[in-house]
Amino acid sequence: MPGSPLKKPPTPTRTGDFDISQEELSQMSREHEISALQQYGGVKGVAEKLKTSLEKGIRGDETDFLKRKNIFGSNTYPRKKGRSFWRFLWEACRDTTLIILMVAAAASLALGIKTEGIKEGWYDGGSIALAVFIVIVVTAISDYRQSLQFQSLNEEKQNIHLEVVRGGRRIEVSIFEIVVGDIVPLKIGDQVPADGILVSGHSLAIDESSMTGESKIVHKDSKAPFLMSGCKVADGYGNMLVTNVGINTEWGLLMASISEDNGEETPLQVRLNGVATFIGIVGLAVAAIVLIVLFIRFFTGHTYNTDGSRQFKAGRTKASTAIDGAIKIFTVAVTIVVVAVPEGLPLAVTLTLAYSMRKMMRDKALVRRLSACETMGSATTICSDKTGTLTLNQMTVVEAYVGGKKVDPPDDKSLLPPELTSLLTEGIAQNSTGSVFLPEGGGDAEVSGSPTEKAILQWGLNLGMNFDVIRSSSSIIHAFPFNSEKKRGGVAVKLPDSDIHVHWKGAAEIVLASCTAYMDENDGIQPIEEKVLDFKTAIEDMAARSLRCVAIAYRHHEGKDVPTNEEELSNWQLPEGQLVLLAIVGIKDPCRPGVRDAVQLCKNAGVKVRMVTGDNLNTARAIALECGILKSDADADATEPNLIIEGKAFRALSEERRREVAEKISVMGRSSPNDKLLLVQALRKKHVVAVTGDGTNDAPALHEADIGLAMGIQGTEVAKESSDIIILDDDFASVVKVVRWGRSVYANIQKFIQFQLTVNVAALIINVVAAVSAGDVPLNAVQLLWVNLIMDTLGALALATEPPTDHLMTRPPVRRREPLVTNIMWRNLLIQALYQVTVLLILNFRGKSILHLEHDNADHANKVKNTLIFNAFVLCQVFNEFNARKPDEINVFKGVTKNHLFMGIIGLTVVLQVVMIFFLGKFTSTVRLSWKLWLVSIAIGLISWPLAAIGKWIPVPETPLGELLTGKIRKQRNGGGD
């Protein structure tokens, strides 16, 4: 049991340069053995054995780093291997229609060799088998590549960056670079990166549910100092000493046994699978009809050879010939199913999602959940934080009120009295989660921490603060970490003379409300009543100029009133009233360049941007004007439709009233994370909501929103875990790029659906009409498999990887339940399919006379006609791919040369088609065409371009076709007219 005195730990074993072994560290951490820790000399003793300083960390040079890695291991764990290429190949082979085709190919091959000999008889069956093999290999390669892409994105998700103390300075490293002996500062929302021991902490509470399964928050102190990798910091802050990394931690063992699941199906994939199933059923029904009709025609003697003779004569045709004929008919029917079943639809979604995810990484957005890619295209409103998202998060103190008056310049220490300066620098140094490192060889101080902390610490340094001296001369006995609900944080500091100073820092008007006095320019304590209006005016004035206002205050506290018992002290409430105001500072955080354009782009795209910030209303209003969320001062003072509201006012409304008011809100100031959650809940009744967040308390709002966007730099690990997408550079412009990509995903899928349905409709009608009327089909099994390959795999690859265009951001958002096939798409595909069917059926029934082939050998004439139909059909699909790129634009060539993959696939398709006609005629049942017939084929394909352009002038109703039809049916049932 943890902490059991009966267990005697072993005598420390020297390992290399270290006085403790990996096994001893693992035993102590895993069993939580307090007795072992005490025997090793407590946390200080373990640190000495690991040759690390509790204040300065490890040396951090390359030699020391590698030595620790070699002896104690690295902070990585072996991953379960993903599925191999052969697994994907096997899964592609298990496709039902392809299995049927393989069986048909085997039967055809056996009969062909039997009747015609091996030299000539293997062509029909062999060519079908080869075509099926190519389809299987291409499908497997495509799926395998997507799998590798998702794997690399998953690794990126786990690459958390955090701060460690090495050589006395805080530096940012990857979680994979943490080594045993590292000192890691922890704060609210961080993930514990490895197993370790608490060095020091204040109100540190850990959520261990990920390891223990219990949702209880565990408080950590000297009695319970062990920290487990993978757990989250729920409250407080502190430093830990790393004792175990990687596979030597419980988390590492757990993760090594789990393989990443990339099998997530997005809503669009689910819908498309439904569409594919429906089309497949239709194709199956058509194929069954064709099979029955062809069998009836064949066995009743109504199917003829090219020379006019009947293929089957009852009682006179050999059984083998009859079986061969039946197999060919069966193969045609099965091939119709292959063409009709749109395997390319799910593939297109996978391709476009994988492509978009990879490109979004370059645009500083890491997708955690696939479905967010699609949903972002439907976003109608974005609730954005201010600090760091709309602003640069590069903060500087530019204005200060100290001693009851404005200090100009703000860091001129000669204008401040000594006692006030001493108390002010003490409060700045102690009431901070940041740190200051002074290089030994001289040079500028290195300040680390949050941007607000860094700005105030830098101001303190300018006032003459000696950070290390203040930290070492007094000690923090209790802390109230900054809380986004109360918008302030405080510490109780014990001085060498045992006096207690309580320091508070936070939102200016909130801290000011707790002050009863201020310290004047002569170090005197004065009642605040006479100056409170001046202070409020100063705060309002700074806020109106978009400065963040922070107040610093303190109070003296009797030592005898402070609990001495550790347990009582941990539950002690810091005194919040009767404070003495020391300073009010104005911190400038400029707007990000380009954020105004990004906000305008959202407005043009029908997406409303709302600012939700913890700053006061005046600061929020000023930044909103600067960013373009509010257009003018008149907007800033308006109540509708650009309502500016305080969080507590919104919170106080009834649920119904909140829904009404939420529609009008443009700016919410002084909001708590709970206010943000209430706003998201109210907006989701009518909108698709995207929300940004960085704090631990933002997790509920991020989880509740349709798309949660966590900040990659300032965001805590808890916020990132609750999000769908991580914005790696914290920039609002990157959020807008995510909207573009979301719309691009949906648009690319629609382009492919239009392209594929055109091919489906045309191929089915041509073969069905020809089969029923003439008993033969112009497009045979191998040809249709080639069309299937162009359509499914190459077509998906070409259209699913179209980059987003500016045109996407001029459309309104895609409605949540908008049909996948729009009226525009129906118009385009019906025009193209009608054209292809008409031209190719004319060639099928009148081709011989049009091409003057009446006097040719019947078999050769038939092959020339069918080859022309096949060639023209394929070239129609090539030209139709261009049309599908821009379903609602006249110029389908705009930007085409920038998409090298699209151009490459078009080129490859044309080259392969030429190779098939010229060199693989025996396999495809085609003959070489003359240059004139090639020109005819190209002309048939080319005509589809002007036809598509003319078709786009035809107006279409805005109401989806399905709604129009169901509406008319409903009216007729109700006895209504038009």
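Residues numbered from 1 in each chain as written. Predicted model: local features only at pLDDT ≥ 70, side-chain atom pairs only at ≥ 80, totals over all residues. Heavy atoms only, no water.

1. Focus on the pattern of salt bridges
Scanning the entire structure with this criterion turns up 36 salt bridges. One salt bridge in this structure joins Arg59 and Asp61, with 2.7 Å as the shortest N-O distance. A relative accessible area of 56% means that Arg59 is categorised as exposed. Residues Glu91 and Arg87 are paired through a salt bridge, measuring 3.7 Å at the closest nitrogen-oxygen approach. Within this pair, Glu91 and its partner Arg87 are both found in helix α5 (residues 85-93), separated by four residues, close to a single helical turn. (Salt bridge = Lys/Arg side-chain N within 4 Å of Asp/Glu carboxyl O. Buried < 20%, exposed > 50% of the residue type's maximum accessible area, 1.4 Å probe, protein only. Helix = DSSP H or I, 4+ residues; strand = E, 2+ residues; numbered from the N terminus.)

2. Section: the nonpolar core
In terms of nonpolar packing, the biggest core is built from 130 residues, with Ile707, Ile725, Phe732, Ile753 and Phe873 touching the most fellow members. Not counting residues within four places of it along the chain, the set of residues in contact with Phe873 comprises Val759, Ala762, Ala763, Ile766, Leu779, Val787, Gln836 and Leu840. Ranked by size, the runner-up nonpolar core spans 40 residues in total, among them Val43, Leu50, Ile178 and Leu198. (Core = buried A, V, L, I, M, F, W, Y, C linked by side-chain atoms within 4.5 Å. Contact = heavy atoms within 4.5 Å.)

3. Section: the state of the cysteines
A complete count under the given rule lists zero disulfides for this structure. Free cysteine Cys373: the closest other cysteine sulfur is in Cys602, separated by 17 Å. No disulfide involves Cys549; its sulfur sits 14 Å from the nearest other cysteine sulfur, which is in Cys515. Taking the relative accessible area as the measure of exposure, Cys549 reaches 6% and is therefore buried. (Disulfide = S-S within 2.5 Å.)

4. Some details on the confidence of the model for the protein
Taken residue by residue, the protein gives an average pLDDT of 84. The fraction at 70 or more is 91%. Between residues 1-9, whose pLDDT stays under 50, and residues either more than four places distant or in other chains, the model counts 16 contacts. (pLDDT = per-residue confidence, 0-100.)

5. Structural notes on the UniProt feature "transmembrane region" (unreviewed entry) in the protein
Under the feature "transmembrane region" (unreviewed entry), the UniProt entry names residues 88-113, 125-144, 275-299, 329-355, 901-921 and 933-954. Here residues 275-299 is 100% helix and 0% strand, with 36 Å between the C-alpha atoms at its ends. Strand forms 0% of residues 933-954 and helix 86%; the C-alpha atoms that close the span are 32 Å apart. (UniProt positions renumbered as here; feature names shortened; annotations may be inferred.)

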